[in-house]
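Summary of structural features
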Amino acid sequence: MRPVILCVILLTMATSLHAQTQEDAIKATIQRLFTAMLNADSAAVAGCFAPGAQLQSVMENKAGNETVHTMPISEFASHIAKLPANAADERIVFGSLLLDGRLASVWAPYRFFFKGQFSHCGVDSFQMVKFPDGWKIQYLIDTRRKDNCEEAAAK
């Protein structure tokens, strides 16, 4: 009986370690994106995204209406390349991370600083896919606002 119990315990631990390793790999991909942004490294930014990935932001336009703005990954990477190093500093807190095989969803409240000054805050919602060369961002949508930053962090 003891060998059976030991096998069950070891199998449970191995499964847990595998899931933790996947979660760490997912978080590492997201952290690479923000490190690349901070370093103004457009190639590294683009390398975090899957082919055909989508990047969108939910924000208020000048008229005060909520809009969804879509930006091609190539345009985003090009914009990052034009910035000086250390200008784009996005600081996230990992919230929930849901994982099912090769698909993961990550919710991460953030604060964005531009050239050392607070710019805006919100939540990043990542849809991640595991490819043979690792986890990539397939879809990233975020919210943007200048106030109520604690509200995003609490959710």
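Each chain has its residues counted from 1, following the order in which its sequence is written. Reporting of local features is limited, given that this is a predicted model, to residues whose pLDDT is at least 70; pairs of side-chain atoms are given and counted only at 80 or more, and all residues count toward the totals for whole chains, interfaces and linings. Water and hydrogen atoms were dropped before computing side-chain values, which therefore reflect all heavy atoms in the structure.

1. Looking at the overall build of the protein
Assigned secondary structure in the protein consists of four helices and seven strands. Numbering of helices and strands runs from the N terminus; a helix is a DSSP stretch of H or I covering at least four residues, while a strand is a stretch of E covering at least two. Across the protein, helices and strands are ordered from the amino to the carboxyl terminus as α-α-β-β-α-β-β-β-β-β-α. Partly exposed describes any residue whose relative accessible area lies between the buried limit of under 20% and the exposed limit of over 50%, with all areas from a 1.4 Å probe on protein chains only and scaled to the type maximum. In the protein, buried positions account for 34% of the 155 residues. Within the protein, contacts between residues at least 6 apart in sequence are counted, and of these 52% link residues at least 24 apart. What sets the accessible areas is the Shrake-Rupley method with a 1.4 Å probe; for residues, cover comes only from the shown protein chains. As displayed, the protein has an accessible area near 9400 Å², and 59% of this comes from carbon and sulfur atoms. Contacts between residues were defined by any pair of non-hydrogen atoms, one from each residue, lying within 4.5 Å.

2. Let's talk about the pairing of strand β2 (residues 66-70)
Two strands are said to pair when DSSP picks up at least two bridges between them. When strand β1 (residues 49-60) meets β2, the two strands line up antiparallel, connected through five bridges. From the neighbouring strand, Glu60 faces β2, where its bridge partner is Glu66. What sits between the antiparallel neighbours β1 and β2 is a turn of five residues, in which Gly64 has the positive phi angle 90 degrees.

3. Quick look at the packing of aromatic side chains
Two descriptors summarise a pair of aromatic rings, namely the distance from one centre to the other and the angle between the planes of the rings. Each pair of aromatic rings taken from Phe, Tyr and Trp, with Trp reduced to its six-membered ring, is defined by centres within 6.5 Å and is described as stacked if the planes are under 30 degrees apart, edge-to-face if over 60, and tilted in the remaining cases. Going through the model one piece at a time under the given rule, you end up with two aromatic pairs. Relative to Phe126, the ring of Phe34 has its centre 6.4 Å away and its plane inclined at 75 degrees; by these criteria the two rings are edge-to-face. Of this pair, Phe34 sits in helix α1 (residues 2-38) while Phe126 sits in strand β6 (residues 117-131), and the two are 92 residues apart along the sequence. With centroids separated by 5.9 Å and ring planes inclined at 75 degrees, the aromatic side chains of Phe113 and Phe118 adopt a geometry described as edge-to-face. The class for Phe113 is buried, based on a relative accessible area of 15%. Looking at Phe118, the relative accessible area reads 34%, which means it is partly exposed. A ring has a charge above it when a Lys NZ or an Arg CZ is no more than 6 Å from the ring centre and no more than 35 degrees off the ring normal. Seen from the ring of Phe113, Arg91 lies directly overhead, with NZ or CZ sitting 4.0 Å from the centre.

4. Here we look at unusual backbone geometry
Positive phi outside glycine occurs at Ala40, with the angle close to 55 degrees. Tracing the backbone shows Ala40 in the loop between α1 and α2 (42-47). One non-glycine residue, Lys115, lies in positive phi territory at about 50 degrees. Position of Lys115 relative to the elements: it lies in the loop between β5 (103-114) and β6.

5. Quick look at the state of the cysteines
Cysteine sulfur atoms that pair up within 2.5 Å are treated as a disulfide. The final tally for this structure, using the stated rule, is one disulfide. The residue that forms a disulfide with Cys121 is Cys149, at a sulfur-sulfur distance of 2.1 Å. For the disulfide bridge between Cys121 and Cys149, the dihedral angle about the S-S bond is near -90 degrees, and by the sign convention the bridge is left-handed. Taken together, the residues span a long stretch of sequence, with Cys121 in strand β6 and Cys149 in helix α4 (residues 149-154) at a distance of 28 residues.

6. Considerations on the pairing of β1
Strand direction decides the pairing type here: β1 and strand β7 (residues 134-143), joined by six bridges, are parallel. By the bridge assignment for β7, Gln54 is matched with Tyr139.

7. Topic: helix α3 (residues 73-81)
Given 3.6 residues per turn, any residue in an α-helix points the same way as the ones three and four places further on. Residues Ile73, Phe76, Ala77 and Ile80 constitute the buried set of α3. Seen end-on, α3 carries its buried residues on one side only, within an arc spanning 95 degrees. By arc we mean the arc of the directions from the helix axis to the C-beta atoms, nothing more.

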